[in-house]
Amino acid sequence: MLTLRDISELITITPHLGDIPVDHAAGFIRLAKLLRPHIEHSLLDIRQPPPLLPPHVLEFIGASLHKSLTEVNWYWYALKNAVWTDSGAQATREDVEMFRKHGLQRGIGYGDLFPPTRVCLRPECPNYRQSNDVMTLTEPTSYRATLFTLRDGALPVHTTSLYCHACRCRYHHNYSVDKSRSIRTYYHGPPPSIVQVSMHFFIESSVLELFGNMMMLGWMSAHNCARIYNTSLSPVDAFRRNNPLAFNMNSTTLESEWPYSLEMTGDLAMNGFLLYSLLLDKAEHQACLELPHDCPTQRDRLAFVLAERNKLMEGIGQEEWNHACDLCFVVRQAEDGQFVKVQYAVGDGLSMGRPCCAVHDCKVNLLSRNHIYCPVHANLASLCAVTECNRPREHGFQTCNIPIHRSLENAYRKDADSFRAIHQLRARLRASGVCVPEEPKPAEETTPANDLTLDIPPTPGDDDGEVIVTGQFEDSTVASETLTPGLPNAGIRDDVPLGRISISFAELEAAGTTIGPGANDSQCIGKDPDPASAKLRGVKARFGRRRTHNEQLIERPCGIILSRATFFGSEAVSGVKEHLKAVFPTPQSLPEIFIYDNNCRLREHLNATSDTYFNNTGLPVDVFHFKSKHRITDTQCQQYCNPAAFPDLVDGDRWRVNTSICEETNAWFGGFMAVVREMDAVRYTFFLDEMVKRRNRLTVKLLERRGHHPWKIPVTLLFPAE
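Residues numbered from 1 in each chain as written. Predicted model: local features only at pLDDT ≥ 70, side-chain atom pairs only at ≥ 80, totals over all residues. Heavy atoms only, no water.

Draft legend 1. Layout of the overall build of the chain. Counting its regular elements, the chain contains 23 helices and 22 strands. Taking all 722 residues of the chain together, 48% fall into the buried category. A fraction of 69% describes how many contacts in the chain between residues 6 or more apart in sequence connect residues 24 or more apart. About 36,500 Å² of surface is accessible on the chain, with carbon and sulfur atoms providing 54% of the total. (Helix = DSSP H or I, 4+ residues; strand = E, 2+ residues; numbered from the N terminus. Buried < 20%, exposed > 50% of the residue type's maximum accessible area, 1.4 Å probe, protein only. Contact = heavy atoms within 4.5 Å. Areas by Shrake-Rupley, 256 points an atom, 1.4 Å probe, with all protein chains shown as cover.)

Draft legend 2. Representation of the pattern of salt bridges. All chains considered together, the criterion is met by 33 salt bridges. For E284, the salt bridge goes to K693, with nearest N and O atoms at 3.0 Å. Of the two residues, E284 sits in helix α10 (residues 266–284) while K693 sits in helix α22 (residues 681–705), which places them 409 residues apart along the sequence. Residue classification places E284 among the partly exposed residues on the basis of a relative accessible area of 33%. A salt bridge links R547 to E678; the shortest N-O distance between them is 2.9 Å. One end of the pair, R547, is in strand β16 (residues 546–547); the other, E678, is in the loop between α21 (673–676) and α22, with 131 residues separating them in the sequence. Its relative accessible area of 11% is what places R547 among the buried residues. For E678, a relative accessible area of 24% translates into the label partly exposed. (Salt bridge = Lys/Arg side-chain N within 4 Å of Asp/Glu carboxyl O.)

Draft legend 3. How the structure looks around the confidence of the model for the chain. Chain-level pLDDT for the chain is 83 on average; 80% of the residues reach the 70-or-more range. Considering each helix and strand of the chain separately, the mean pLDDT is smallest for helix α15 (residues 505–510), with a value of 38, and largest for strand β7 (residues 201–204), with 97. Note that pLDDT drops below 50 for residues 442–463; the model gives that stretch 54 contacts with residues more than four away or on any other chain. Note that pLDDT drops below 50 for residues 473–520; the model gives that stretch 97 contacts with residues more than four away or on any other chain. (pLDDT = per-residue confidence, 0-100.)

Draft legend 4. Local environment of helix α16 (residues 573–583). Along α16, the positions that sit buried rather than exposed are V573, V576, K577, H579, L580 and V583. Along the axis of α16, the buried residues cluster in a sector spanning 165°; they form a single face. Looking at the buried residues of α16, the elements they touch are β17 (550–555), β18 (561–567), β19 (593–596) and α17 (599–608). (Arc of directions from axis to C-beta.)

Draft legend 5. Local environment of the packing of aromatic side chains. Applying the stated criterion to the full structure yields 19 aromatic pairs. Taken together, a centroid distance of 5.9 Å and an interplanar angle of 45° make the contact between W668 and F669 tilted. Through a chain of ring-to-ring contacts, the aromatic side chains of F273, W668, F669, F672 and F687 assemble into a single cluster. (Phe/Tyr/Trp six-rings, centres within 6.5 Å; stacked < 30°, edge-to-face > 60°.)

Draft legend 6. Region of interest: a nonpolar patch on the surface. Together, I316, V715 and F719 make up a nonpolar patch on the protein surface, roughly 230 Å² of accessible area in all. Turning to its location among the elements, I316 is positioned in the loop between α11 (298–313) and β9 (323–324). For I316, a relative accessible area of 36% puts it in the partly exposed group. (Patch = residues over 30% accessible without salt bridge, like charges linked within 9 Å, V, L, I, M, F, W, Y side chains within 5 Å.)

Draft legend 7. Quick peek at the pairing of β18. For β18, the buried fraction is high: 7 of the 7 residues fall into the buried class. Bridging between β17 and β18 involves 6 bridges; their strand directions are antiparallel. For L553, the partnering residue across the bridge sits in β18 and is R564. Where β17 hands over to β18, the hairpin turn is made up of 5 residues, of which G559 adopts a positive phi near 110°. (Pairing = 2+ DSSP bridges.)

Draft legend 8. Summary view of the environment of I316. Between the C-alpha atoms of I316 and P585, which are 269 residues apart in sequence, the distance is 8.4 Å. Residues in contact with I316, not counting those within four places in the same chain, are W321, A582, V583, P585 and F719.

Draft legend 9. Region of interest: the packing of α10 against α22. For the pair α10 and α22, the least separation of the axes is 11 Å and the interaxial angle reads 60°. Compared by their axis directions, α10 and α22 come out oblique. In this structure, α10 crosses over α22, and the sense of that crossing is left-handed. Contact residues: M270, N271, F273, L274, Y276, S277, L278, L280, D281 and E284 in α10; R683, F686, F687, E690, M691, K693, R694 and R697 in α22. By residue class, the composition of the contact of α10 with α22 is 9 nonpolar, 2 polar and 7 charged. (Axes fitted to C-alpha atoms, helices over the stretch in contact; angles between N-to-C directions. Parallel < 35°, antiparallel > 145°, perpendicular 65-115°, else oblique. Left-handed = near helix turned anticlockwise from the far one by under 90°. Nonpolar A, V, L, I, M, F, W, Y, C, P; charged D, E, K, R; others polar.)

Draft legend 10. Expanded view of unusual backbone geometry. Phi at H66 takes a positive value of approximately 60°, unusual for a residue other than glycine. Within the fold, H66 resides in the loop between α4 (55–65) and α5 (69–85).

Draft legend 11. Local environment of the pairing of strand β11 (residues 339–350). Taken across its 12 residues, β11 has 9 buried, putting it largely inside the fold. Across 5 bridges, the pairing between strand β10 (residues 329–333) and β11 is antiparallel. Its bridge partner being in β11, F329 is matched across the sheet by Q343. The turn joining β10 and β11, which pair antiparallel and follow one another in sequence, is formed by 5 residues; a positive phi near 90° is taken by G337.

Draft legend 12. Region of the structure containing the state of the cysteines. Counted under the stated rule, the structure contains 0 disulfides. Free cysteine C357: the closest other cysteine sulfur is in C374, separated by 3.6 Å. (Disulfide = S-S within 2.5 Å.)

Draft legend 13. A look at the nonpolar core. Judged by nonpolar contacts, the single largest core of 53 residues is most densely connected at F211, M264, F669, F672, V676 and F687. It is α10 that provides the largest number of residues to this core, a total of 9 residues. Ignoring anything within four residues of it in the chain, the contact list for F211 reads C225, Y229, M264 and A269. (Core = buried A, V, L, I, M, F, W, Y, C linked by side-chain atoms within 4.5 Å.)

Draft legend 14. Seen up close, the sheet that holds strand β5 (residues 183–186). One open sheet holds the 8 strands; their spatial order is β6-β7-β1-β2-β3-β4-β5-β8, and the pairing between them is mixed. The two strands at the open ends of the sheet, each matched to only one other strand, are β6 (194–198) and β8 (290–292). The sheet shows a mean angle of 30° between the axes of neighbouring strands, direction not considered. Direction of pairing for strand β2 (residues 154–164) relative to strand β3 (residues 169–171): antiparallel, over a ladder of 3 bridges. When the bridges of β3 are listed, C164 appears paired with C169.

Draft legend 15. The arrangement of the packing of α4 against helix α6 (residues 93–103) in detail. Between α4 and α6, the shortest axis-to-axis distance is 10 Å and the interhelical angle comes to 120°. In this view, α4 runs oblique relative to α6, as classed from their interaxial angle. Both α4 and α6 take part in a crossing whose hand is right-handed. Of α6, the residues touching α4 (which contributes F60, A63 and S64) are M98, F99, H102 and G103. Looking at side-chain class alone, the contact of α4 with α6 contains 4 nonpolar, 3 polar and no charged residues.

What follows is the structure, encoded as structure tokens:
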């Protein structure tokens, strides 16, 4: 720290300094500190300041401070020790503007990036040093880039890397690249304050953290995060530029001769957030992130590591998996005087999905979101879209040359957008009791002699989703004529769920399915029947993309989400059972009470399969669904699944826990439906797991503030040594 005594001694040594205004000296020191990385980059030994400044730095300071080169040299001679030993400096907006105006033309930018080391970091390398003072790395390589910051907006910068000839490793700002293995190894320790998102674009970690919270709390897509940054943070005077009339300004756009855009894109925002999340995860586990270096895109570079983290998050991977607090973990005294613990868990599914293979319940990922079938079932893409037809489709069509099949496709393709839209709006009119105007009759077309009746269900809100077109025939022999004897089954089952496609009750009743009080009154219906399970008469053709069925959540009544899983074909109780076993893999980890809206069917399934894993776990239905979805006449459901029959759920006339917590969580989780609907499988899974992780951390802080004493059960108690 420069003191008045030091200044007095400097003036004694160099009397000319006595004539320098204090603010000029302070401005020189601040600017020289901001340029110190550039000065150090030109030095072999940085323990002492150089006697002279590098020429490009000297010229920049002179132009910025309106001083001659001789004056700048005098300033440096007198104040270099203060620059070299003092703490860092905070740039003003005027300083940043000086870098833009006078620095870029001299290869100097505000916020220029350098490797964090000047020596090789491998202990076995001869260029390794314990100190960073004497540089052993050589061959500096610099190129231009754009840096997105939280405080100073988008900045044009230069980034420099250094090379170690001994071990053939190049050191960049975030990572080193081993030339022999072509692997990027990120530096050990906390994530860097600036993350390289692509070759020419860097984003501050504070910006990426902001994006993560915007996504988690506001259901923002990466594109909207980028738009908010560009309109609110990228120009430092955004409040003026966005309101030119109020500030009497001309509405102008920022123009730059910089070769790389100063506007953020949605891809940069998403890639940056994913990479930042990976770096955080590795730092939390005291590990280093490694990525392939030679990849065509950042998406390809991140794919393998994202999938690897997804695998680790399955089952017990969430950091709050062993969470406990006063709301979900209770210790009570039993009748025999022993103290026992009662732990609660709640499960539910939410209909939201991503593109997946068109074969029912196939879990193999698509090669891209534009594919219909996975690589295993890719051969089915060449077959007719009619579910029971194995003939090859004709070029330019999704069906074969059988006239009835082609009629189904023609009905689907005929003015598809307007056709489906008008059906949706007419269906809404009927649902509201409004008389629907007479529908215009289409022009006469050639119709098969057997009176084909086309039924195209409306597609609410997902025009590119899976659409099922059903042709019903008065002549039952026609359907049999569409099958191709001797060919193998196409692999698409009749009970494939419709996803977003809805079928009216009249259609179900016409298919022989009874729903409502008349359907087996003695048993509760549990989950609503899947319309796809109804055996519609006739020939069915499937067009468009299939999506996964639902996301299954298991959480504590306090709001902590223990696990998330994607269900592909349906929310079957067998799948729920396997998910539960993955989340609670040991008897010690099982909850005493598991609340689920279809527990009556889950219990039946456990009994039918003689599965005793959950014998010590009570299986009540949550209060809301039990009142509205489960029949009084189903004695088994009333006896074993009525929440009022569980003393651990009842406290006098009040419920001990919130049994409908999943319904409340679904209101938050469902907000991501529009954000993730077009993501590929790997990013979809990683993104949702990361949102759950961030929300859990927020929930823990809220529980602490409210005095519910959150803590974690030691893992050794949940996985005891045998």
